[in-house]
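Spelled out from the first residue to the last, the chains are:
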Amino acid sequence: MSLSISNIVDIQLNTVPKAASRKDFGTVALFTPETGNAFADGTTRYVYVSDYSEVVNLFGSTSETAKAAQPFFAQQPRAKQLIICRWQKESRQINPTNNGLKGGVMSATLEEFKQIQSGYFSLTVGETHYDVTGLDLQDATDFDSIATKIQEKFTAVSLTNVTINYDETGNRFLLASTNSGQDKSNLIFYAEDSKKDGEYLGSMLKLEDGQASRKIGQNGLYIEAESPVEALIATLDVNSSWYGVLFAAQLTDDQIIAVANWSQTAKKLFGLNVLRDGQLEWNSTNVIKKLYDAGLDHTLAVYDKNDSYPVSSAMARLLSVNFSANRSTITLKFKTQPTITADDITATEYQKAKRLGVNVYTYFDDSAMLAEGTVVGGKFADEVVILDWFADAVQKEVFSRLYLSPTKIPLTDEGQVILMAAVEKVCLEGINNGAFAKGVWSGDSFGNLVTGDTLEQGYYIYAAPMSTLSTSDREQRKATPIQVAVKLAGAIHSSDVIINFSR
């Protein structure tokens, strides 16, 4: 036998692992206490929806979920994804369900079925095989009568624990076990052709594998009530891709504080609908003032006198940014809110809201617009999102350099340069999308950067030499800290124009 060529040329293929994914800042989670058709099983935590009609199909047009989702989908441009999540506000009992077989949508007409003189198909229920034969459908008057004739044959072969009915709405036949709950003895399998005399009906009835879908019965379930924060945590455990947080319900003051605190810690953005005049007051009993005092700047609040869910529109617009695109970052001020009625806001109400960092949607002369584009506390909402994006992107890029490197990155100044390059990559993205720009640094001095210096590139990156590492840090293979200064580009929100004239 011949010798392997690997004795001369040996090839080894190094696989490259997948990099850690960045957080998706264009995904918003809408939490609802409503069950609808989405959460009837009691175990589903979330569903993706791509448009308003899907929400209506799941929860109904008059549901609070639909009311909260409509401003989101009406906004253009908007955040790219809405997921609806379950908030089990009240405990409930879910009844047991039955094993079943849902036939596919039929293509055969009644006249075609009436041509059958001796139809048959085979069905397995549990571990028992049944041959349903001798079906004469010539005098069938409708599909319901066909189901009746099949049911009679079930009885004739002692198949008494399965019923068959015609679903007119879905134009399909439905089989169900008579016993509910998890019962393997009543599992219904697909129809098969056992090659009996006559005409095989399994395909016409759309009950074959590939046409029909099986339903596995479930036992009854009692679901405990949960707080909004418990719902947030439970959803985060199974899906962490979302950034925005909305509720299709009005929260109590205690719930608002709990959600705002959780969002601050988890680096999520909580959208709060402010519907009461008292929530604009500068006093210690006002829940918004409590958020202000606690510095909870990851709460985006919109005051509205008429609409229940104005913040859905604001959130959709704020999180529409594609950070990979050129000059894509925005300010929330000046934006319109389709489906939301602009309020007649007094100057006093406007100043109260502005002081707390609460937004209003009102007229400035004849132009309806959102103002001031801030989070609770007064920071500009776009800057909060930008800094969250930047921190996440830097973390993922530095980790990826370490994780994807086929060889070790040395604990030397040359190795540190590799990590600093990962940080610079994100800084350059911030320059490209308009988040950062050239400007004077007003922060503390570090490295070679002095307060008052101009950041010509809009950013500055520094790391002390590896020779300054302590013995313990070196033994733990811990690099010197990388320090970054970025100059936020900001946005023009107002302007003074001085007009001079002469005669």
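Each remark here, short or long, concerns the structure printed above.
Note that this is a predicted model, so its numbers are computed, not measured.

Engineer: I keep staring at the overall build of the chain and nothing clicks. Help me out?
Structural biologist: From N to C terminus, the chain includes twelve helices and 21 strands. Taking 2.2 N^0.38 as the reference for a compact globule, 503 residues should give roughly 23 Å; the C-alpha atoms of the chain span a radius of gyration of 32 Å, well beyond that estimate. Across the chain, every contact between residues at least 6 apart in sequence was considered, and the portion connecting residues at least 24 apart equals 69%. Accessible area of the chain: about 26000 Å², with a carbon and sulfur share of 49%. Across the chain, the 45 positively charged side chains and the 59 negatively charged ones have centroids separated by 6 Å.

Engineer: Would you mind going over the pattern of salt bridges with me for this structure?
Structural biologist: Opposite charge on two side chains permits pairing when their charged atoms draw close. The final tally for this structure, using the stated rule, is 17 salt bridges. Lys396 is the salt-bridge partner of Asp392, the closest N and O atoms lying 2.9 Å from each other. In this pair, Asp392 and Lys396 both sit in helix 10 (residues 381–404), four residues apart, roughly one turn of the helix. Note on Asp392: relative accessible area 9%, which makes it buried. Lys396 sits in the buried class, given a relative accessible area of 16%.

Engineer: Explain the nonpolar core to me, please; I cannot follow it from the model alone.
Structural biologist: Soluble, globular proteins show a tendency: their nonpolar side chains are buried together. Ranked by size, the top nonpolar core spans 60 residues in total, and within it Leu269 and Leu319 carry the most contacts. The element contributing the most residues to this core is helix 10, with nine residues. Residues within four places of Leu269 in sequence aside, it is in contact with Tyr243, Gly244, Val245, His298, Thr299, Leu300, Met315, Leu318, Leu319, Val375 and Val385.

Engineer: How should I be thinking about the environment of Val376 in this particular structure?
Structural biologist: Its place among the elements puts Val376 in the loop between strand 17 (367–371) and helix 10. Judged by relative accessible area, which is 2%, Val376 ranks as buried. Along the backbone, Val376 and His298 are 78 residues apart, and their C-alpha atoms lie at a distance of 7.5 Å. When sequence neighbours within four positions are dropped, the list of residues in contact with Val376 reads Ile288, Leu291, Tyr292, Leu296, Asp297, Thr299, Ala301, Leu356 and Gly357.

Engineer: Please explain unusual backbone geometry as it appears in this structure.
Structural biologist: The phi torsion of most residues other than glycine is negative, and most of the peptide bonds are trans. Following Gln76, the chain continues into Pro77 via a peptide bond in cis, with omega recorded as -15°. Mapped onto the elements, Pro77 comes out in the loop between helix 2 (64–74) and strand 3 (81–86). Residues Ala371 and Glu372 are joined by a peptide bond in cis, for which omega reads 10°. Within the secondary structure, Glu372 is located in the loop between strand 17 and helix 10. Phi at Ser158 takes a positive value of approximately 65°, unusual for a residue other than glycine. With respect to the helices and strands, the residue Ser158 is situated in the loop between helix 4 (143–156) and strand 8 (162–167).

The rules behind each value
- Residues numbered from 1 in each chain as written.
- Predicted model: local features only at pLDDT ≥ 70, side-chain atom pairs only at ≥ 80, totals over all residues.
- Heavy atoms only, no water.
- Helix = DSSP H or I, 4+ residues; strand = E, 2+ residues; numbered from the N terminus.
- Rg over C-alpha atoms; globule rule 2.2 N^0.38 Å.
- Contact = heavy atoms within 4.5 Å.
- Areas by Shrake-Rupley, 256 points an atom, 1.4 Å probe, with all protein chains shown as cover.
- Lys, Arg positive; Asp, Glu negative; His and termini not counted.
- Charge placed at Lys NZ, Arg CZ, Asp CG, Glu CD.
- Salt bridge = Lys/Arg side-chain N within 4 Å of Asp/Glu carboxyl O.
- Buried < 20%, exposed > 50% of the residue type's maximum accessible area, 1.4 Å probe, protein only.
- Core = buried A, V, L, I, M, F, W, Y, C linked by side-chain atoms within 4.5 Å.

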